[in-house]
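Per-entry structural report
This is what each chain is made of:
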Amino acid sequence: MILVDIDHFKQVNDRHGHQAGDLALAQVARWLGEGLRDCDVLARFGGEEFVLLLPNTTHLQAATIAERLRERVACASITLDDRERIRLTASFGVAALAAEPADDQSDAGNSLVRRADRALYAAKGAGRNCVVSV
């Protein structure tokens, strides 16, 4: 699982308006979705957060994918209706299910989300625009 949060997203809405924010969300979703496999899942997970579920992917592979996506977002820009270009960055938290299945799958899923969320907060605390894997 990879949790993604667009860094300083509120500033996009505050400076450029909510239409620009909507455009930014849609574009980041496109960038995150590039190159995903048919079995992978990308979904919006709150305001400016996204979740990627990557079945049959090792923890190391997921961290590598997260870094590739982080670079993709950081290196691109979005052109607004008024032709102004904005750049975004995003923070990524990566976690994986334990190798041994848990007795209670709902506990395993909740634990996965909590660990990915902790990793995301650690990425934010480390200065944003980075990947933290737990």
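The structure under discussion appears in the preceding block.
An account of the accompanying structure is given in this report. Just so we're clear, the structure is a prediction, and the values are computed from it rather than from any experiment. (Residues numbered from 1 in each chain as written. Predicted model: local features only at pLDDT ≥ 70, side-chain atom pairs only at ≥ 80, totals over all residues. Heavy atoms only, no water.)

**Focus: the layout of surface pockets**
The computed volume of the largest pocket comes to approximately 260 Å³. Surrounding the largest pocket, 13 residues form its lining, Met1, Leu54, Pro55, Thr57 and Leu97 being those nearest its centre. Here the residues of the lining of the largest pocket sort into nine nonpolar, four polar and no charged. Only α1 (9-16) and β5 (85-87) provide two or more residues apiece to the lining of the second largest pocket. (1 Å grid on protein atoms, 1.4 Å probe; cavity = no way out; pocket = protein on both sides within 12 Å on 5 of 7 lines; lining within 4 Å. Points joined across faces, edges and corners; volume = space filled by probe spheres on them. Nonpolar A, V, L, I, M, F, W, Y, C, P; charged D, E, K, R; others polar. Helix = DSSP H or I, 4+ residues; strand = E, 2+ residues; numbered from the N terminus.)

**Description of the nonpolar core**
Within the largest apolar cluster, 27 residues are counted, with the highest numbers of intra-cluster contacts made by Ile2, Val4, Leu32, Leu88 and Phe92. Breaking this core down by element, the ones donating at least two residues are β1 (2-6), α1, α2 (18-33), β3 (49-53), α3 (59-75) and β6 (90-94). Element by element, the count of residues in this core is highest for α2, at six residues. Discounting chain neighbours no more than four positions away, the residues touching Leu32 are Val4, Leu42, Phe50, Leu52, Leu69, Val73 and Phe92. Membership of the second largest hydrophobic core comes to seven residues, among which are Leu3, Leu112, Ala116 and Leu120. (Core = buried A, V, L, I, M, F, W, Y, C linked by side-chain atoms within 4.5 Å. Buried < 20%, exposed > 50% of the residue type's maximum accessible area, 1.4 Å probe, protein only. Contact = heavy atoms within 4.5 Å.)

**Some remarks on the pairing of β6**
Across a regular strand the side chains alternate sides, sitting on one face of the sheet and then on the other. Among the five residues of β6, five are classified as buried, and the element is accordingly described as predominantly covered. Because side chains alternate across β6, one face comprises the buried residues Ala90, Phe92 and Val94, and the other comprises Ser91 and Gly93, equally buried. Sheet topology places β1 next to β6; five bridges connect them, and they run antiparallel. Its bridge partner lying in β6, Asp5 is registered against Ser91. Examined bridge by bridge, β6 and strand β7 (residues 131-133) share three bridges and lie parallel to one another. Looking across to β7, one finds that Gly93 is bridged to Val132. (Pairing = 2+ DSSP bridges.)

**Comments concerning the pairing of β1**
With five of five residues buried, β1 is to be regarded as a mostly interior element. By the alternation rule, side chains of β1 split into Ile2, Val4 and Ile6 and Leu3 and Asp5, which are all buried. Note that β1 and β3 share four bridges and pair antiparallel. Note on β3: the bridge partner recorded for Asp5 is Glu49.

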